[in-house]
Amino acid sequence: MTKVLVPAELLDGNVRSHTLSAISAARSITEQTGGSYDVLAVGEGASSAAPALAAYGAEKVLVAELAGGYCAEAYAPTVAEVTRTGGYAVLVACASTYGKDLMPRVAARLGAGIASDVVAIGIEDGRLTYRRPMYAGNVLATLRLRSGVQVVTVRQSEFAPAQATASASPVQQTPIQTDAAAERVEFIGIESVKSARPELTEARVVVSGGRALKSADNFTSVLEPLVDAFGAAMGASRAACDAGYVPGDLQVGQTGKVVAPDLYVAVGISGAIQHLAGMSGSKVIVAINKDREAPIAQVADYFLCADLFDVVGELTEAVKALKS
Ligand SMILES: Cc1cc2nc3c(=O)[nH]c(=O)nc-3n(C[C@H](O)[C@H](O)[C@H](O)COP(=O)(O)OP(=O)(O)OC[C@H]3O[C@@H](n4cnc5c(N)ncnc54)[C@H](O)[C@@H]3O)c2cc1C
């Protein structure tokens with residue numbers, strides 16, 4: 001019987017979809033081992049997020065209201081203490097920026113082993129196993145953690161958001177913990193990029209551009225109309241980000257964001273292994289490239305061998321016509 005804790009990821013008191021993927025992973029564990037999972041909401045707006053969190057089948061929802069914005073140093077002591085006192089064996093969060101920032105700090109406090117970026121959870125000889133990509137996705141490793149408490153972050157693309165259940169979980173308050181490390185850090189403010197487009201890691205359609213776009217202006221005049229015709233999020237290769245055509249937060253790949261939308265359109269991207277590491281889990285991949293030998297052709301479901309400057313405008317008009 002395994003007790004699992006899911007630290008919820010919130011934004012302005014709302015539950016982010018990353019949390020629902022983490023709940024799916026928690027369900028996968030409890031279905032295989034027996035046991036149950038609880039959800040812990042820490043931070044400003046935790047109480048207002050509790051009713052939404054209570055709809056996902058947790059044994060209980062724990063709430064620790066903490067004023068101020070997100071700071072891993074401030075959140076980690078509470079997550080660690082709830083884990084200790086609640087006797088949890090596994091902690092699961094999504095391998096989002098939040099999960100990657102918070103969970104290693106929690107693991108360090110607990111002396112726990114951590115399996116990050118997990119794509120599948122299994123059981124062998126009665127012990128949990130975690131499958132995760134390594135070497136830019138060239139190999140898949142299967143890990144077992146030896147520590148008493150196990151900390152896990154899972155890829156959102158591999159764990160579909162949990163569906164709500166009919167019953168509501170009870171909600172309990174839990175105290176905030178603090179320590180010397182937490183007190184050395186103060187949250188001052190956050191400056192986030194506001195975009196009318198969907199968030200890259202949560203979008204159902206992603207249109208990405210590569211070095212072949214040649215300039216920031218071409219991203220705006222050639223690629224963006226296609227992105228908006230689809231109602232998609234915009235992504236980019238590292239070469240395009242490094243060249244300054246678009247900001248670095250649009251980078252898809254091993255050292256960027258991992259996406260797995262229903263549709264991924266790669267425009268003028270060669271498909272280097274580091275780029276594929278961030279998008280090859282997409283359901284349908286369309287590539288536009290003038291080199292039919294480009295590596296992206298090996299993962300593309302549809303490959304248009306053409307000069308992007310000749311075809312993207314026409315494709316944009318076709319998508320607009322279909323949508324209207
Ligand atoms: C440690 C490490 C981490 C990395 N992490 C990442 C990462 O996270 N994400 C990432 O993307 N890369 C990453 N890279 C870089 C990666 O190796 C590639 O250099 C990069 O992805 C190439 O970007 P690109 O495909 O846009 O450019 P290129 O490789 O230059 O490809 C451009 C493509 O456009 C095609 N093309 C050119 N002109 C046209 C045209 N007019 N019409 C149509 N097609 C055209 C070409 O045939 C070519 O296939 C990493 C590299 C390292 C070493």
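Right above here is the structure, for reference.
Below or above, wherever it landed, is the structure these notes cover. Please read these numbers as outputs of a predicted model, since none were measured by experiment.

About the thresholds
Residues numbered from 1 in each chain as written. Predicted model: local features only at pLDDT ≥ 70, side-chain atom pairs only at ≥ 80, totals over all residues. Heavy atoms only, no water. Helix = DSSP H or I, 4+ residues; strand = E, 2+ residues; numbered from the N terminus. Buried < 20%, exposed > 50% of the residue type's maximum accessible area, 1.4 Å probe, protein only. Areas by Shrake-Rupley, 256 points an atom, 1.4 Å probe, with all protein chains shown as cover. Lys, Arg positive; Asp, Glu negative; His and termini not counted. Charge placed at Lys NZ, Arg CZ, Asp CG, Glu CD. Pairing = 2+ DSSP bridges. Axes fitted to C-alpha atoms, helices over the stretch in contact; angles between N-to-C directions. Contact = heavy atoms within 4.5 Å. Near = heavy atom within 4 Å. Polar contact = N/O pair within 3.5 Å; in protein donor to acceptor, adjacent residues only side chain to side chain. Nonpolar A, V, L, I, M, F, W, Y, C, P; charged D, E, K, R; others polar.

When helices and strands are tallied, the chain shows 9 helices and 17 strands. Taking all 324 residues of the chain together, the buried fraction comes to 49%. Approximately 15300 Å² of the chain is accessible, and the part contributed by carbon and sulfur atoms is 50%. The chain carries 27 positive and 33 negative side-chain charges, and their two centres are separated by 5 Å.

With parallel pairing, the 5 strands of this open sheet are ordered in space as β14-β13-β15-β16-β17. In the strand order of this sheet, the two ends are held by β14 (233–236) and β17 (302–305), each with one partner. Sheet twist, expressed as the average angle between the axes of neighbouring strands with direction ignored, equals 15°. Taken together, the 5 bridges between strand β13 (residues 205–209) and strand β15 (residues 263–267) define a ladder with parallel strand orientation. Within the sheet, the bridge partner assigned to G209 lies in β15 and is V267. In the packing of helix α6 (residues 216–230) onto the sheet, contacts are made with β13, β14 and β15, and the angle to β13 comes to roughly 170°.

Here we have 7 strands laid out as an open sheet, ordered β7-β11-β6-β1-β4-β5-β12, and parallel in their pairing. Pairing within the sheet leaves two strands with one partner each, and these edge strands are β7 (113–118) and β12 (171–173). Within the sheet, the average angular offset between the axes of one strand and its neighbour, ignoring direction, is 25°. Across 2 bridges, the pairing between strand β1 (residues 2–7) and strand β6 (residues 90–94) is parallel.

Before going further, it helps to spend a moment on the site of the ligand. Near the ligand there are 26 residues, and of these R211, S237, T255, S270 and Q274 occur at the shortest range. Between an oxygen atom of the ligand and a main-chain N or O atom of G268, the distance comes to 3.2 Å. Within the backbone of K290, one N or O atom sits 3.2 Å away from a nitrogen atom of the ligand. The class makeup of the residues in the shell around the ligand is 9 nonpolar, 12 polar and 5 charged.

So, about unusual backbone geometry. One non-glycine residue, D12, lies in the positive phi region at around 50°. Here D12 shows up in the loop between β2 (10–11) and β3 (14–15). Taking relative accessible area as the criterion, D12 reaches 71% and is therefore assigned exposed. Backbone geometry places K214, a non-glycine residue, at a positive phi of 75°. As for its placement among the helices and strands, K214 is situated in the loop between β13 and α6.

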